[in-house]
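Summary of structural features
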Amino acid sequence: MLETGTPGGDAIAVRESEDVTQAGPSSARIARRVAVFGLGYVGSVSAACLALRGHSVIGVDVNREKVEMINRGRGPVVEDGLDDLVFSQVVSGRLCATTDAARAVANTDIALVCVGTPSAPNGSLLTTFLEHVSEEIGAALVGRTERYTVVIRSTMLPSTCEQIVLPRLQSASGLRAGEDFGLAVNPEFLREGCSIDDFFEPPKIVVGQFDAASGDTVADLYRGLPGPVFRVPIAVAEMTKYADNGFHALKTGFANEIGAVCKALGLDSHAVMDIFTADTKLNISSAYLRPGFAFGGSCLPKDLRALVHHARRSEVPVPILESVGMSNDGQIDRAFKIIESTGKRRVGLLGLAFKTGTDDLRESPLVALAERLLGRGFELLIYDRQVAVPRLLGANRVYVEQRIPHLSRFIADSPEDVVNHAEVCVVGSADSEAIAALRNVDGRIVLDLVRFPGSVDCQGDPRYIGISW
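Residues numbered from 1 in each chain as written. Predicted model: local features only at pLDDT ≥ 70, side-chain atom pairs only at ≥ 80, totals over all residues. Heavy atoms only, no water.

What follows covers the UniProt feature "active site" (unreviewed entry) in the chain. Mapped onto this numbering, the UniProt entry gives "active site" (unreviewed entry) at Cys299. The topology assignment puts Cys299 in the loop between α10 (269–278) and α11 (300–313). (UniProt positions renumbered as here; feature names shortened; annotations may be inferred. Helix = DSSP H or I, 4+ residues; strand = E, 2+ residues; numbered from the N terminus.)

Laid out in structure tokens, this is it:
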């Protein structure tokens, strides 16, 4: 033991690192010495679960009552199973708590920061607690020769670690991240009420690493747990939690708006949503969840408008559904502004139909973009292998004639003709023939709306612009 003692009081009493291959579910192979800063829901659950995995854990909090509760073997928050888990780990000697941050750092090799990042009155992120803990940990690292790893588990916006945590750690310690100490971001995906189960069966483990050694240290904490592991740049890890929670909020709001419309129609909303969620090919899947250009076609726009119109007639507010069309129009506007900002006038558009492999131009966002470019006097040339103006029939022909009269004047015979004409090539289709023509875009600007195959090789080139990446 580093210090002998029994549960109770403000103690530092954790076991030295040892082989713990049998300790806890899916235990890590080697125990680590971990300080967990912040003993709220995330911190107390993380501390107890890491202890169960065989790690030696010291919880740290400014609230002495929380510290004393841990040391008495009780959870400081109400969470199913937490009291029993905390008690067993305190008795085992793998978990204790303290208010002394310096002593906790001195007796550990990893700090897991789980302090709160609440909202300010204007909705911005309050980072006061994060700043204070970063300075505390940094000060405690002064003179340390063994590598220490700081892992931020608190929810924070992209660039927070780089702009707030990193400089404070370096300034207070006099050490350099990646050389003298490690730094990583490890967002949590724990749901209150079942957070212990979520810890041991995570949907994913995300490690935002300053350097590979830092990432190795964090990944080792969770070795053996199920779920994919993503090791990514720090800012990507920071953003992941916001993408998750934004979508969860959107899903809840969407379901409630559908429920309100169903109720107004005398329908059972749960029966409708049971059918909706049973579709794991399109609805509950990765379909439609790749950033790119706007949606269009003969179904989505008109059905969305009809649903919103019917809700209004029924006096049912559906602000989320109402805003979807405006958001979609905003993506078309974003593409136009990017083109406009280049200062170039000759534009080539590769793709015109709303989806690759079809000639359906009805409510295609590419038609809307082309119409706007022509209306603003841009010299536009278009190629879409599937679109032949003489073969357009019925509503498809009527639609495009209303939006772009004399479309045939702007249609090229080949993608090479478009590329040779253009100062700005807009890629609106992943058609292989059109992509192949992009090999000859030397000196031209490429605006990518679809993240075409091979585009990763272009990223970093100032002439390449991804609409959302």
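Right, let's get into the sheet that holds strand β8 (residues 229–232). Judged by pairing direction, the sheet is mixed, and its 8 strands sit side by side in the order β3-β2-β1-β4-β5-β6-β7-β8 without closing on themselves. In the strand order of this sheet, the two ends are held by β3 (95–98) and β8, each with one partner. The mean angle between the axes of side-by-side strands here comes to 25°, regardless of whether they run parallel or antiparallel. Strand direction decides the pairing type here: strand β4 (residues 110–113) and strand β5 (residues 148–152), joined by 4 bridges, are parallel. (Pairing = 2+ DSSP bridges. Axes fitted to C-alpha atoms, helices over the stretch in contact; angles between N-to-C directions.)

With that settled, consider the pattern of salt bridges. Taken as a whole and judged by the stated rule, the model has 24 salt bridges. The shortest N-O distance in the salt bridge between Asp109 and Arg144 comes to 3.3 Å. One end of the pair, Asp109, is in the loop between α4 (101–106) and β4; the other, Arg144, is in the loop between α5 (128–140) and β5, and 35 residues separate them in sequence. Residue Asp109 is classed as partly exposed on the basis of its relative accessible area of 23%. Note that Arg168 and Glu131 form a salt bridge whose closest N and O atoms lie 3.7 Å from each other. Here Glu131 lies in helix α5 and Arg168 lies in helix α6 (residues 160–173), a separation of 37 residues in the sequence. On the basis of relative accessibility, which here comes to 25%, the residue Arg168 falls in the partly exposed class. (Salt bridge = Lys/Arg side-chain N within 4 Å of Asp/Glu carboxyl O. Buried < 20%, exposed > 50% of the residue type's maximum accessible area, 1.4 Å probe, protein only.)

Close contact between helix α1 (residues 41–52) and helix α3 (residues 82–92) brings their axes to 9 Å; oriented N to C, the two are set at 50°. With respect to their mutual orientation, α1 and α3 come out oblique. The handedness of the crossing between α1 and α3 is left-handed. Of the residues in α3, those touching α1 at Ser44, Val45, Ala48, Cys49, Ala51 and Leu52 are Leu82, Leu85, Val86 and Gln89. The class makeup of the residues in the contact of α1 with α3 is 8 nonpolar, 2 polar and no charged. (Parallel < 35°, antiparallel > 145°, perpendicular 65-115°, else oblique. Left-handed = near helix turned anticlockwise from the far one by under 90°. Contact = heavy atoms within 4.5 Å. Nonpolar A, V, L, I, M, F, W, Y, C, P; charged D, E, K, R; others polar.)

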